[in-house]
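These are the residues of each chain, in order.
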Amino acid sequence: MSRILEVAVAQLGPIAREESRAQVVERLLALLQQASQKGCNFVVFPELALTTFFPRWYFDNEQELDSYYEREMPSDVTRPLFEAAERLGVGFYLGYAELAEEDGQTRRFNTSILVDDHGLIVGKYRKIHLPGHTDHEPWRPFQHLEKRYFEVGNLGFGTWDFMGGKVGMALCNDRRWPETYRVMALQGAEMIVLGYNTPLHYPPVPQHDHLQNFHNHVVMQSAAYQNGCWIVACAKAGKEEGCDLIGQSCIIAPTGEIVAQASTLADELIVARCDLERTREIKENIFNFDLHRAPKEYAIISKEKD
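These remarks concern the structure in this document. None of the values given here were measured: they were computed from a predicted structure.

Digging into a nonpolar patch on the surface
Next up, step 1: Together, Y298, I300 and I301 line one region of the surface with nonpolar side chains, adding up to about 320 Å² of accessible area.
Next up, step 2: Tracing the backbone through its elements, the reader meets I300 in the segment after α8 (289-292).
Next up, step 3: Looking at I300, the relative accessible area reads 68%, which means it is exposed.

Put into structure tokens, the structure is as follows:
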């Protein structure tokens, strides 16, 4: 017996700083429509998909900074995405910058949501592994101020019953950390979806620049295999405001094999027929958690530093 999700990854090319939300949403809608025409019922968009990657700049004007965040979801501008999801019967994952009012405080998070094929939000995740730095560092050719502009996510790594399967979410740098996948796999995740904005140049360790594409795939392929999960990863790619972003959006089977991969650095749709039953090949054999894990020996992993 099969449980099929027809999955599309909707890679985005660069988003210019002056490009409006409405213009970006039109691009997303075009990709959603294209996915529907190809018979897909689930589309994965990138991290911070509604704007340019604004943490590459240092802002001392809070009003300008706030213009990159969403105060509500859906908003008047993004509502057409939700209406299209319902009309087409296509769910989606979307990353965006969230400005929330919680406990009388203004909170800023790097957020993603799962929206089902009725256009309803069924899950929310806030990025936990924030990369980059907090203070302005003029020596860099571009900034990476996620630690300044976002708080560490406060919702944990969850999983949701979604379109016939158990789906988890992550964002960008989360994909580099093995614990990300294992925590969700222990909650029964059959598919983990994520978006990313990854520069080709890494100023602190430029000798790794030629390895960026290799590192992008190796962490996700190994995680798919070690956790018996489909992994669906979507890039914002290309030269965005002078910064080169890697592409390589991909869909990875529970065996660790890449079954679909983007071939450009532009807006591009890739698709794969994902049978969630295939996760059992790994979960019931090679990495049978109940049979083979030794949690007592792993205590050091979760110890706080002194």
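Text resumes after the structure shown.
Quick notes on the pairing of strand β5 (residues 121-126)
Next up, step 1: Direction of pairing for strand β4 (residues 105-115) relative to β5: antiparallel, over a ladder of 5 bridges. Each bridged residue has a counterpart across the sheet, and for T111 the counterpart in β5 is R126.
Next up, step 2: Here β4 folds back onto β5, and the loop between the two strands holds 5 residues, one of which, G119, carries a positive phi near 80 degrees.

Quick word on the sheet that holds strand β9 (residues 230-235)
Next up, step 1: Ordered in space as β6-β7-β8-β9-β12-β13, the 6 strands form an open sheet in which the pairing is mixed. Every other strand in the sheet has two partners, leaving β6 (159-162) and β13 (258-261) as the edge strands with one partner each. This sheet shows a mean twist of 20 degrees between the axes of neighbouring strands, independent of strand direction.
Next up, step 2: Sheet analysis places strand β12 (residues 250-252) next to β13, joined by 3 bridges and oriented antiparallel.

Describing the packing of helix α1 (residues 21-37) against helix α3 (residues 79-88)
Next up, step 1: Where α1 contacts α3, the axes come no closer than 10 Å and their chain directions differ by 10 degrees. Regarding the angle of α1 to α3, the classification is roughly parallel. For the pair formed by α1 and α3, the contact residues are V25, L28, L29, L32, Q33 and S36 on the first element and P80, L81, A84, A85 and L88 on the second.

Some thoughts on the nonpolar core
Next up, step 1: Grouped together as the largest cluster of nonpolar side chains are 47 residues, with contacts concentrated most on F42, M191, V193 and I251.
Next up, step 2: A per-element tally of this core places β9 first, with 6 residues.
Next up, step 3: Ranked by size, the runner-up nonpolar core spans 28 residues in total, among them A10, L31, C40 and V90.

As for the packing of aromatic side chains
Next up, step 1: One pass over the structure, following the stated rule, counts 12 aromatic pairs.
Next up, step 2: The rings of F54, F59, Y68, Y69, Y149 and F150 are connected pair by pair, giving a single aromatic cluster.
Next up, step 3: Residue placement shows R108 over the ring face of Y69; its charged tip is 5.4 Å from the ring centre.
Next up, step 4: A cation over an aromatic ring shows up here: R293 above the ring of F289, its NZ or CZ 5.8 Å from the ring centre.

Considerations on the pattern of salt bridges
Next up, step 1: In the structure shown here, the tally under the stated rule is 26 salt bridges.
Next up, step 2: For D66, the salt bridge identified is with R108, shortest N-O distance 2.3 Å. Of this pair, D66 sits in helix α2 (residues 62-66) while R108 sits in strand β4; the two residues are 42 residues apart in sequence, bridging distant segments of the chain. Accessibility assignment for this pair places D66 and R108 in one class, buried.
Next up, step 3: For the salt bridge of K239 with D244, the shortest nitrogen-to-oxygen distance reads 3.0 Å.

What counts and how
Residues numbered from 1 in each chain as written. Predicted model: local features only at pLDDT ≥ 70, side-chain atom pairs only at ≥ 80, totals over all residues. Heavy atoms only, no water. Patch = residues over 30% accessible without salt bridge, like charges linked within 9 Å, V, L, I, M, F, W, Y side chains within 5 Å. Areas by Shrake-Rupley, 256 points an atom, 1.4 Å probe, with all protein chains shown as cover. Salt bridge = Lys/Arg side-chain N within 4 Å of Asp/Glu carboxyl O. Helix = DSSP H or I, 4+ residues; strand = E, 2+ residues; numbered from the N terminus. Buried < 20%, exposed > 50% of the residue type's maximum accessible area, 1.4 Å probe, protein only. Pairing = 2+ DSSP bridges. Axes fitted to C-alpha atoms, helices over the stretch in contact; angles between N-to-C directions. Parallel < 35°, antiparallel > 145°, perpendicular 65-115°, else oblique. Contact = heavy atoms within 4.5 Å. Core = buried A, V, L, I, M, F, W, Y, C linked by side-chain atoms within 4.5 Å. Phe/Tyr/Trp six-rings, centres within 6.5 Å; stacked < 30°, edge-to-face > 60°. Lys NZ or Arg CZ within 6 Å of the ring centre and 35° of its normal.

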